[in-house]
Amino acid sequence: MSTTSAAALPATLRLGPVHVTVTDLGRSVEFYESSLGLRTHRRGDGEAVLGAGGEDLLVLVEDPGARRAGRHAGLYHFALLHPSRLELARAAKRLIDARTPISGASDHNISEAIYLPDPDGNGIELAADRPRETWGDLSDPTAIGGPMPLDMQGLLASVEDEQPRAEASPELKVGHLHLHVGDIDRALGFWRDGVGFQVMTRFPSAAFIAAGGYHHHLGLNTWRGEGVPPQPDGVVGLRHWTILLDGAEDVAAVRERVEATGAAVEDRPGGFLARDPWRNAVEIAA
């Protein structure tokens, strides 16, 4: 099976805000501000837009009756990418100061990462990339090696003389999304052949795909089981994520490919929204 799409997304793409359902907006805003150092850019009508003073990174939408995610497709985590290892160390120190539990911490060779849930169980990765020239051959999973435990002691040593910083760096950005799906090949039929990502690393139960040679803008996995159903209505988790392209002609080219896969497409200002076979939604805009 081909690992490249007929037409690729431009390397200049950026990831825009991730839209997430939460059950208690006040509780979630407090968590993202105190534990992650985000700040509220705008708030109203059951919705809060958060960032780090630069671009909008996260849109929280309140649904008090939403259920916890179950054994179905949907969000595994979204990654907030820090501009340096030093800023990731500051993020770790902030978590400790706020007494925020984490669920894991890994060294992936290409990046270092801390994992944690938000109050509704939505998965978050706090990451910092290693220099691109050290990544090696991404197409060979054995060359990358498996994740190792993060050297948290070494990470924190770089900020041991600093006071915890209340706010994250304004250079913080959305690094990638990682989704649960029911079938990797079928998922690639949408995300690779339609949207236009390139496969960077492939495992039997996961694929990591990107534009411009990045290690991944999107992870896909079947770790909740082959053939899991789509995300149902009325659960917390991903509403949609956002891919930002340079111009309307880029958006139109992606839309044409996505429609050719048979996926339903909805008009949005400056672009469109489409869903993969498991209702994982992406907005693509100029």
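Everything below is about the structure printed above this text.
Just so we're clear, the structure is a prediction, and the values are computed from it rather than from any experiment.

Caption draft 1: Spotlight on the pattern of salt bridges. A complete count under the given rule lists 18 salt bridges for this structure. In this structure, Asp 107 engages Arg 130 in a salt bridge whose closest nitrogen and oxygen atoms are separated by 2.7 Å. With Asp 107 in strand β7 (residues 104-107) and Arg 130 in the loop between β9 (123-129) and α3 (141-144), the pair connects residues that are 23 residues apart, well separated along the chain. Here the salt bridges share partners, and the residues they tie into one network are Arg 85, Asp 107, Glu 112 and Arg 130.

Caption draft 2: Looking closely at the packing of aromatic side chains. Evaluation of the coordinates by the stated rule reveals 7 aromatic pairs. Considering the side-chain rings of Phe 31 and Tyr 32, the 5.0 Å spacing of their centres and the 85 degrees angle between planes classify their relative orientation as edge-to-face. The burial state of Phe 31 is the same as that of Tyr 32; both residues are buried. With a centroid separation of 5.5 Å and 85 degrees between ring planes, the pair formed by Tyr 76 and Trp 223 is classed as edge-to-face. Note that Tyr 76 is positioned in strand β6 (residues 74-82) and Trp 223 in the loop between β14 (218-221) and β15 (237-244), a separation of 147 residues in sequence. Judged by relative accessible area, Trp 223 falls into the partly exposed class, the value being 45%. Chaining the aromatic ring pairs together yields one cluster made of Phe 190, Trp 191, Phe 197 and Trp 241. Just above the ring of Trp 278 sits the side chain of Arg 186; from NZ or CZ to the centre is 5.3 Å.

Caption draft 3: Geometry of the environment of Phe 197. Its location among the elements puts Phe 197 in the loop between α5 (184-195) and β12 (198-203). Relative accessible area serves as the criterion here: at 0%, Phe 197 is assigned to the buried category. Sequence separation of Phe 197 and Gln 153 is 44 residues, and the distance between their C-alpha atoms is 36 Å.

Caption draft 4: The sheet that holds strand β10 (residues 148-149), seen in detail. With respect to topology, 9 strands assemble into an open sheet ordered β10-β7-β8-β9-β6-β11-β14-β13-β12, the strand pairing being mixed. Both edges of this open sheet fall to β10 and β12, since each of them pairs with a single strand only. In this structure, strand β13 (residues 206-210) lies alongside β14, joined through 4 bridges in antiparallel fashion. Bridge pairing links Ala 207 to Leu 220 in β14.

Caption draft 5: Quick look at helix α1 (residues 25-34). Turning to α1, its buried residues are Leu 25, Ser 28, Val 29, Phe 31 and Tyr 32. Each buried residue of α1 sits inside an arc of 160 degrees when the element is viewed along its axis, so together they form one side. In this structure Asp 24 caps α1, since a side-chain oxygen of it lies 3.2 Å from the backbone nitrogen of Gly 26.

Caption draft 6: Fine view of α5. Looking at α5, one finds that the buried residues are Ile 184, Ala 187, Leu 188, Phe 190, Trp 191, Arg 192, Gly 194 and Val 195. The N-terminus of α5 is capped by Asp 183, whose side-chain oxygen sits 3.2 Å from the backbone nitrogen of Asp 185. Of the residues one or two after α5, Gly 196 is the one with positive phi, at around 110 degrees.

Caption draft 7: Structural detail: the packing of α5 against helix α6 (residues 248-260). It is at 8 Å that the axes of α5 and α6 come closest, and there the two elements cross at 145 degrees. With respect to the hand of their crossing, α5 and α6 are arranged in right-handed fashion. Of the residues in α6, those touching α5 at Phe 190, Asp 193, Gly 194 and Val 195 are Val 254, Arg 257 and Val 258. Grouping the amino acids of the contact of α5 with α6 by side-chain chemistry returns 4 nonpolar, 1 polar and 2 charged.

The rules behind these values
As a convention, each chain's residues are numbered from 1 in the sequence order in which they are written. Whole-chain, interface and lining totals are the exception, using all residues; otherwise, since this is a predicted model, local features are given only for residues with pLDDT of at least 70 and side-chain atom pairs are given and counted only at 80 or more. Side-chain measures here rest on the full set of heavy atoms in the structure, leaving out hydrogens and waters. Here a salt bridge means any side-chain nitrogen of Lys or Arg lying within 4 Å of a carboxyl oxygen belonging to Asp or Glu. To qualify as a helix, a DSSP run of H or I must reach at least 4 residues; to qualify as a strand, a run of E must reach at least 2; elements of each kind are numbered from the N terminus. In this scheme Phe, Tyr and Trp rings, the latter by its six-membered ring, pair at centre separations within 6.5 Å, and the angle between planes marks the pair as stacked below 30 degrees, edge-to-face above 60, and tilted otherwise. Whether a residue is buried, partly exposed or exposed follows from its accessible area with a 1.4 Å probe, protein chains only, as a fraction of its type maximum: under 20%, in between, or over 50%, in that order. Throughout this description, the term charge over a ring refers to an Arg CZ or Lys NZ atom that lies within 6 Å of the ring centre and within 35 degrees of the ring normal. Pairing between two strands is assigned when DSSP locates at least 2 bridges connecting them. Working definition: the arc comes from the directions between the helix axis and the C-beta atoms, pointing outward to the latter. A 3.5 Å cut-off defines polar contacts: any pair of N or O atoms within that distance qualifies, except that in protein one atom must be a possible hydrogen donor and the other a possible acceptor, and neighbouring residues in sequence count only when both atoms are side-chain atoms. Working convention: axes come from line fits to C-alpha atoms, limited for helices to the stretch in contact. Angles between N-to-C directions cover 0 to 180 degrees. Each crossing gets its hand from how the near helix is turned against the far one by less than a right angle, where anticlockwise is left-handed and clockwise is right-handed. Contacts: residue pairs with any heavy atoms within 4.5 Å of one another. Throughout, the ten residues Ala, Val, Leu, Ile, Met, Phe, Trp, Tyr, Cys and Pro are labelled nonpolar, Asp, Glu, Lys and Arg are labelled charged, and all others, Gly among them, are labelled polar.

Just distances and angles here, no functional claims.
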